Amino acid sequence: MDIGVCMSPAVLAHTLAARDEPNTEEAWNLAQWPSALSEPGPHRLFIASKGTWRGYFILAPDALFNPRDNRVPFSLLFDTRSWTRIAPVPVKRFRGFTYNVPTIPPQAPAQPQQNQPSPDGTDANPAQ
């Protein structure tokens, strides 16, 4: 199942920069558990920024739950090296998460992109 979230350009740039750090795992916190993620995977986390879908990360099969965190007790985990850039698709801003994400044909396997982020949070090398 695929879900999508909005990230500011600064957060996306920071997240993409983690690809070059010793620990490439990042987390995205949510107030509610996306029930579709309880189904067998694989699952992808699509990222919208500056009014367009930019790409996605492959979600780890495990997630975290912190019952003491009343605001955002759920954490989705992903390896930042799994970033796959997609052609920009317009999207209206939303809160929380959405299941309404771009359709990527199943026969087109995801190929992680190792290009560097630009200052606006998109990849500097969009041709790859």
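Since this is a predicted model, take the numbers as computed values, not measurements. (Residues numbered from 1 in each chain as written. Predicted model: local features only at pLDDT ≥ 70, side-chain atom pairs only at ≥ 80, totals over all residues. Heavy atoms only, no water.)

## Here we look at the overall build of the protein
Of regular secondary structure, the protein possesses one helix and six strands. Starting at the N terminus and walking to the C terminus, you meet the elements of the protein as β-α-β-β-β-β-β. Per-residue burial over the protein gives 45% buried out of 128 residues. In the protein, once contacts between residues fewer than 6 apart in sequence are set aside, the share between residues at least 24 apart is 74%. Carbon and sulfur atoms form 54% of the exposed surface of the protein, whose accessible area is close to 7500 Å². (Helix = DSSP H or I, 4+ residues; strand = E, 2+ residues; numbered from the N terminus. Buried < 20%, exposed > 50% of the residue type's maximum accessible area, 1.4 Å probe, protein only. Contact = heavy atoms within 4.5 Å. Areas by Shrake-Rupley, 256 points an atom, 1.4 Å probe, with all protein chains shown as cover.)

## So, the confidence of the model for the protein
When pLDDT is averaged along the protein, the result is 86; 81% of the residues meet or exceed 70. Scored below 50 in pLDDT, residues 106-110 makes two contacts in the model with residues more than four places away or belonging to other chains. (pLDDT = per-residue confidence, 0-100.)

## Quick notes on the pairing of strand 1 (residues 2-6)
With five of five residues buried, strand 1 is to be regarded as a mostly interior element. The alternating pattern of strand 1 places Asp 2, Gly 4 and Cys 6 on one face and Ile 3 and Val 5 on the opposite face, and all of these are buried. Judged from the five bridges that link them, strand 1 and strand 3 (residues 44-49) form a sheet pairing that is parallel. Paired with Gly 4 across the strands is Phe 46, a residue of strand 3. (Pairing = 2+ DSSP bridges.)

## Some thoughts on the pattern of salt bridges
In total, this model carries two salt bridges according to the counting rule given. Notably, a salt bridge pairs Asp 2 with Arg 44, separated by 2.7 Å at the nearest N-O pair. In this pair, Asp 2 sits in strand 1 while Arg 44 sits in strand 3, placing the two residues 42 residues apart along the sequence. Take Asp 2 and Arg 44: they sit in the same class, and that class is buried. One salt bridge connects Asp 79 with Arg 81, and the closest N-O pair in it is separated by 2.6 Å. Judged by its relative accessible area of 25%, Asp 79 falls in the partly exposed class. (Salt bridge = Lys/Arg side-chain N within 4 Å of Asp/Glu carboxyl O.)

## Overview of the pairing of strand 3
Across the six residues of strand 3, six count as buried, placing the element largely inside the fold. Burial along strand 3 is two-sided: the face carrying Arg 44, Phe 46 and Ala 48 and the face carrying Leu 45, Ile 47 and Ser 49 are both buried. Pairing of strand 3 with strand 4 (residues 52-65), which is carried by six bridges, proceeds in the antiparallel orientation. Along strand 4, the bridge assignment pairs Ala 48 with Trp 53. Where strand 3 folds back on strand 4, the antiparallel hairpin that results is connected by two residues, among which Lys 50 adopts a positive phi of roughly 55 degrees.

## Details of the environment of Leu 77
Position of Leu 77 relative to the elements: it lies in strand 5 (residues 74-79). Placed 16 residues apart in sequence, Leu 77 and Pro 61 show a C-alpha to C-alpha distance of 8.1 Å. In this structure, Leu 77 is in contact with Glu 25, Glu 26, Ala 27, Leu 59, Ala 60, Asp 62 and Leu 64, ignoring residues within four places of it in sequence.

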